[in-house]
Number of protein chains: 2
Amino acid sequence: MVNGFDPATASNLTPESRKLVERRIALLGPAYRLFYKDPVEVARASGVLLYDSEGNEYLDAYNNVVSVGHCHPKVVDAITKQAQTICTHTRYIQKGILDYAEQLLATFDGPARHAMFTCTGSEANDLAVRMAKHHTGNQGIIITDEAYHGNSELSAGFSPSLGPYSPLGTFVRRVPAPDSYRIAPENMGQWMAEKVSEQIVDLQRRGAGVACFIADSMFSSDGIFSHPTNLLQPVVDVIHKAGGIYIADEVQSGFGRSGEKLWGYQRHGITPDIITMGKPMGNGYPVAAAVMLPEIVEKFGRDNRYFNTFGGNTVAMAAAQAVLNVIKDEQLVENSLKVGKMLREGFEALAKKYQGIGDVRGSGLYIGVEMVKDRSTKEPDAAAAAAVVNGLRARRVLISATGAAANTLKIRPPLVFSAAHADRLLTEADAVFATL
Amino acid sequence: MVNGFDPATASNLTPESRKLVERRIALLGPAYRLFYKDPVEVARASGVLLYDSEGNEYLDAYNNVVSVGHCHPKVVDAITKQAQTICTHTRYIQKGILDYAEQLLATFDGPARHAMFTCTGSEANDLAVRMAKHHTGNQGIIITDEAYHGNSELSAGFSPSLGPYSPLGTFVRRVPAPDSYRIAPENMGQWMAEKVSEQIVDLQRRGAGVACFIADSMFSSDGIFSHPTNLLQPVVDVIHKAGGIYIADEVQSGFGRSGEKLWGYQRHGITPDIITMGKPMGNGYPVAAAVMLPEIVEKFGRDNRYFNTFGGNTVAMAAAQAVLNVIKDEQLVENSLKVGKMLREGFEALAKKYQGIGDVRGSGLYIGVEMVKDRSTKEPDAAAAAAVVNGLRARRVLISATGAAANTLKIRPPLVFSAAHADRLLTEADAVFATL
């Protein structure tokens, strides 16, 4: 795993950390992973700051779940008040879920949609792809090379970034990510549509057909490819022509992350058939959703019911409503755009000083900084990326890395990140780059 | 769906209810279902009482999620305090998850286990079966005829109770539930093991082998079959002999529901390979888990990582810890046993008055009352069950129905149900039975 802690190096840790790591392995087993060479212990948090149990402060430039800031009082209050009032499921009539669904659905341009609530982005993607198969009668799923879409059997089966030993589904096919650092942007939409078409032909030849193409419009786990923004419409077109549907996975790119729009897919001007969302939706409260055109759920809803005990429960809806209010009231999409631009300009300035920085990209507060061994060959430098991530962690600034070659710094702070926080991150990054 | 509202009858509702139902269909689409002929609108709740927005009180004899009582102040406080402090994921070191895992694991008898946290029971069952396949190298899944285990593609694929149009997985095989009302109990364990063996042979002949048998020890959606308690060990034996593992789905039967033990499987004296849990774990906060023997997750943990963004987050663990504390402090397992016995005795007394009651069964506060047209033929009477469920709803007492023939009353109140609540439920039931 990119930026994973290796338990074999536990002897390098302080006795206290080592004890906690050993206890964790004994209790939680071998499938759990920690971040960083020297894992971070967390005790409390506020805004964009985390603290360990000794009171050391960390600048959080990584956590996208708490996108309105750690422990935002309005979200905590909404959860508390609703948990004191009633916490129950969707088989009774409640007004909160209707009010929230109405407001949420109003944020999508184009035709009317339905909203279905789950607890996690994995569940939302699992449901979306089940629905795609049921609606189209086809089996094939097309994704990008290093996509991540979830942890259920179905969604892990179309999440190649889980690594080479995590099995992919029989009718899952991969296309290269739109690597804007290495591919000329002029015809990238056409190029991508052709790659998708090749996989459609293969799926059709095997009798599976294509149920869906699913992608995150920022291509987060492929390495964060935010531009150009005209490349998804040609993909939508070839998928529709083959009888499949387009699923926009907005778990990472939604709720203002891109700075330009509330939803990442809107930057591409497309109309997805299903849109899934999760992570920041409840600022940490487990809530997620799939939002679809009515015709997509028509047969599914006739043949199946969908009930998720905690999905769309009264408290989840209260948390989600508070988050949506805060995003609007505090103008966080606008802040994401403004501070994101400052950060990218800052990294571009650092790129003038440090040859190891090959590319700076992103949109809003989702920024990728690709580390290379040589700017002419663009050879990925995973070791440099790991050194920056761990160097920043030593200076108590939290980021991570991503991409097939694990060489792209992943900078993705809460949307309340300010100009001063951006300065602090850039200053610390400068100091770390200087040591490479 | 058993006890589902039919939208075609919306014209029978009050204008206010009708408007809410129509708004719900427009916003949430056709896959959502409401309970009762006349759906219940809920606005607040406390203990075992629910209230609609007009202040009408309902006795809750159905909701097992809020098992320590609606809005229990200790659970609400734990959620609030932790949400104010930090809400983050398991890739940082936290002490809360370790403390809770330690206490949770101490409740299972037998060998040491690992705990892995998810948000929903569906996710826990999906993970458990993925792990069963990865560990055994086999594909086959054996369940009971009307089992329900979840809503992901994988878990819906072994949940036949979702109805005849919800697709089952290719290598999913069904065995009859241990219907103690119709099958002599003497050799039921042997009978069940033989049924499972027949399916193992079929799976092996198709080259799939058997990965697991998964069941809820109360057979909730099959119709609540709580006895005899010596029937699962023979099943464990044949599954193990064929190279499969045994998964105890404790989402419904765990956390004291059965009254006799904290975990339902413990009533059968077996040692499952994986135990899954969910619903009441956080009293409504989305938290669930799979708990497994170390050897089951060894290869899985080497080949895969498992990360669930909200699973085991700090607030989920605080909620779960509070629930576990309350179950112990308020002696809710003991209360479940005591009040459950009163309820069963009460329904047995009603069975002397009303010929439509064919069988009363259950353990603790999970009670099934089977309605039949004729005691000699035992012919199921779904219409009578629906009439009782809706008759009680009209008297503001909430229960539901279950089973393949939808003729078994499902009585499953929060574990804080008192003797007085039991009296009220029985009095109202008597009045409704009298009208049949």
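Definitions and cut-offs
- Residues numbered from 1 in each chain as written.
- Chains lettered and ligands numbered in written order.
- Predicted model: local features only at pLDDT ≥ 70, side-chain atom pairs only at ≥ 80, totals over all residues.
- Heavy atoms only, no water.
- Buried < 20%, exposed > 50% of the residue type's maximum accessible area, 1.4 Å probe, protein only.
- Helix = DSSP H or I, 4+ residues; strand = E, 2+ residues; numbered from the N terminus.
- Pairing = 2+ DSSP bridges.
- Contact = heavy atoms within 4.5 Å.
- Domains from an automatic or database assignment.
- Buried area = accessible area lost by both parts, 1.4 Å probe.
- Least-squares fit on C-alpha atoms with pLDDT ≥ 70 in both.
- Salt bridge = Lys/Arg side-chain N within 4 Å of Asp/Glu carboxyl O.
- Polar contact = N/O pair within 3.5 Å; in protein donor to acceptor, adjacent residues only side chain to side chain.
- Nonpolar A, V, L, I, M, F, W, Y, C, P; charged D, E, K, R; others polar.
- Axes fitted to C-alpha atoms, helices over the stretch in contact; angles between N-to-C directions.
- Parallel < 35°, antiparallel > 145°, perpendicular 65-115°, else oblique.
- Left-handed = near helix turned anticlockwise from the far one by under 90°.
- Expected span 1.5 Å × (residues − 1).
- Lys, Arg positive; Asp, Glu negative; His and termini not counted.
- Disulfide = S-S within 2.5 Å.

Participant: Which residues make up the pairing of strand β9 (residues 274-277) of chain A, and what values do they have?
Facilitator: Residue and element names in this part refer to chain A. Residues of β9 alternate between two faces, with I274 and T276 on one and I275 and M277 on the opposite face, all of them buried. Alignment of strand β8 (residues 245-249) against β9, held across 3 bridges, turns out to be parallel. For A248, the partnering residue across the bridge sits in β9 and is I275.

Participant: Lay out the side chain of T90(A) with the relevant residues and their values.
Facilitator: Here T90(A) shows up in the loop between α2 (73-85) and α3 (95-105). Assessed through its relative accessible area of 2%, T90(A) is described here as buried. When sequence neighbours within four positions are dropped, the list of residues in contact with T90(A) reads I97(A), F307(A), G311(A), G312(A), R24(B), Y32(B), R33(B) and L34(B).

Participant: Tell me about the domain arrangement of chain A, and name the residues and values.
Facilitator: Residues and elements named next belong to chain A. Here the domain parsing of chain A yields domain 1 (40-68 + 331-434) and domain 2 (73-329). Averaged C-alpha coordinates put domain 1 and domain 2 at centres separated by 26 Å. Counting residues at the interface gives 35 residues for domain 1 and 33 residues for domain 2. When the two sides are added together, the surface that domain 1 and domain 2 hide from each other amounts to roughly 2600 Å², 55% of it contributed by carbon and sulfur.

Participant: Summarise the relation of the copies chain B and chain A; cite the residues concerned and give the values.
Facilitator: For the pair chain B and chain A, the superposition axis carries a translation of 0.0 Å, the fit reaches an RMSD of 0.0 Å, and the rotation angle comes to 180 degrees. As the rotation angle and translation indicate, the two copies are arranged about a two-fold axis. No C-alpha of chain B lies nearer the rotation axis than that of T80(B), which sits 2.8 Å from it. Both copies share a contact surface, since 100% of the interface residues of chain B are interface residues in chain A too.

Participant: Provide a residue-level description of the interface of chain B and chain A, including the pertinent values.
Facilitator: Across the contact, 97 residues belong to chain B and 97 residues belong to chain A. On the chain B side of the contact with chain A, Y92(B), I93(B) and R305(B) bury the most area, a combined 10% of that side's loss. Connecting chain B to chain A are 8 salt bridges. Here R23(A) and E102(B) are joined by a salt bridge, their closest N and O atoms 3.2 Å apart. The tally of links between chain B and chain A comes to 51 residue pairs in polar contact (both at pLDDT 80 or more). Top element by residues in the side of chain B that touches chain A is helix α1 (residues 15-28) of chain B. It accounts for 9 residues. Grouping the constituent residues of the side of chain B that touches chain A by class yields 53 nonpolar, 24 polar and 20 charged.

Participant: Run through the sheet that holds strand β6 (residues 172-175) of chain A, naming residues and quoting values.
Facilitator: All names here are of chain A. As summarised here, the arrangement of the 7 strands in space is β4-β10-β9-β8-β7-β5-β6, forming an open sheet in which the pairing is mixed. Edge positions in the open sheet fall to β4 (114-118) and β6, since each of these has one partner strand only. For this sheet, the mean inter-axis angle between neighbouring strands, taken without regard to orientation, is 20 degrees. Pairing of β4 with strand β10 (residues 288-292) involves 5 bridges; the strand directions are antiparallel. Along β10, the bridge assignment pairs T118 with A288. Against the sheet, helix α7 (residues 232-241) makes contact with β5 (140-144), β7 (210-215) and β8, and its axis sits at roughly 140 degrees relative to β8, the strand it touches most.

Participant: Give a description of the packing of helix α10 (residues 332-353) of chain B against helix α12 (residues 419-435) of chain B that names residues and reports values.
Facilitator: Residue and element names in this part refer to chain B. Closest axis-to-axis distance for the α10/α12 pair is 10 Å, and the angle between their directions is 20 degrees. Classified by the angle their axes make, α10 and α12 are roughly parallel. Of the two possible hands of crossing, α10 and α12 adopt the one that is right-handed. In this structure, α10 uses V339, M342, L343, G346, F347, L350 and K353 to contact α12, whose residues at the interface are A419, A422, L425, L426, A429, D430 and F433. Residue composition of the contact of α10 with α12, grouped by class: 11 nonpolar, 1 polar and 2 charged.

Participant: Residue-level account of helix α2 (residues 73-85) of chain B, with values.
Facilitator: With 13 residues, α2(B) extends 18 Å between its outermost C-alpha atoms, agreeing within 8% with the 18 Å of an ideal straight helix rising 1.5 Å per residue. Among all positions of α2(B), only V75(B), V76(B), A78(B), I79(B), T80(B), Q82(B) and A83(B) are buried.

Participant: How would you sum up unusual backbone geometry? Please name residues and give values.
Facilitator: The amide bond that connects H227(A) to the next residue, P228(A), takes the cis arrangement and shows omega of -5 degrees. The residue P228(A) is located in the loop between β7 and α7 in this model. Positive phi, close to 60 degrees, is recorded for N3(B), a residue that is not glycine. Along the chain, the position of N3(B) falls in the segment before α1. The class of N3(B) is buried, set by a relative accessible area of 13%.

Participant: Tell me about the sheet that holds strand β4 (residues 114-118) of chain B, and please be specific about residues and values.
Facilitator: Residue and element names in this part refer to chain B. The strand order β4-β10-β9-β8-β7-β5-β6 describes an open sheet built from 7 strands, whose pairing is mixed. Of all strands in the sheet, those bounded by a partner on one side alone are β4 and β6 (172-175). Averaged over all pairs of adjacent strands, the angle between strand axes in this sheet comes to 20 degrees, irrespective of strand direction.

Participant: Requested: an account of the side chain of D381(A), with residues and values cited.
Facilitator: The residue D381(A) is located in the loop between β13 (379-380) and α11 (382-394) in this model. Within the buried set, D381(A) has no salt-bridge partner at all; the shortest N-O distance to an opposite charge, 5.2 Å, is to K373(A).

Participant: Which residues make up the pairing of β5(A), and what are the values?
Facilitator: Residues and elements named next belong to chain A. Counting buried residues along β5, 5 of its 5 residues qualify, which places the element largely inside the surrounding structure. Alternating residues of β5 divide into G140, I142 and T144 and I141 and I143, and every residue in both groups is buried. Where β5 meets β7, 3 bridges bridge the pair, whose relative direction is parallel. Residue pairing for β7: I141 is matched across the bridge by C212. In this sheet, β6 lies alongside β5 in parallel orientation, the contact comprising 4 bridges. Across the sheet, T144 pairs through a bridge with V175, a residue of β6.

Participant: Account for the state of the cysteines, naming residues and giving values.
Facilitator: Following the criterion strictly, the structure yields 0 disulfides over all chains and no others. Unpaired in terms of disulfides, C71(A) finds its nearest cysteine sulfur in C87(B), a separation of 7.5 Å. Assessed through its relative accessible area of 16%, C71(A) is described here as buried. No disulfide involves C119(A); its sulfur sits 6.2 Å from the nearest other cysteine sulfur, which is in C119(B).

Participant: Can you explain the environment of F310(A)? Please cite residues and give values.
Facilitator: By the secondary structure assignment, F310(A) is in the loop between α8 (294-303) and α9 (314-329). Classification of F310(A) by relative accessible area gives buried; the value is 2%. For the pair formed by F310(A) and R23(A), sequence separation is 287 residues and the distance between their alpha carbons is 30 Å. In contact with F310(A), other than residues within four places in its own chain, are C119(A), A316(A), V65(B), C119(B), T120(B), K279(B), G284(B), Y285(B), P286(B) and V287(B).

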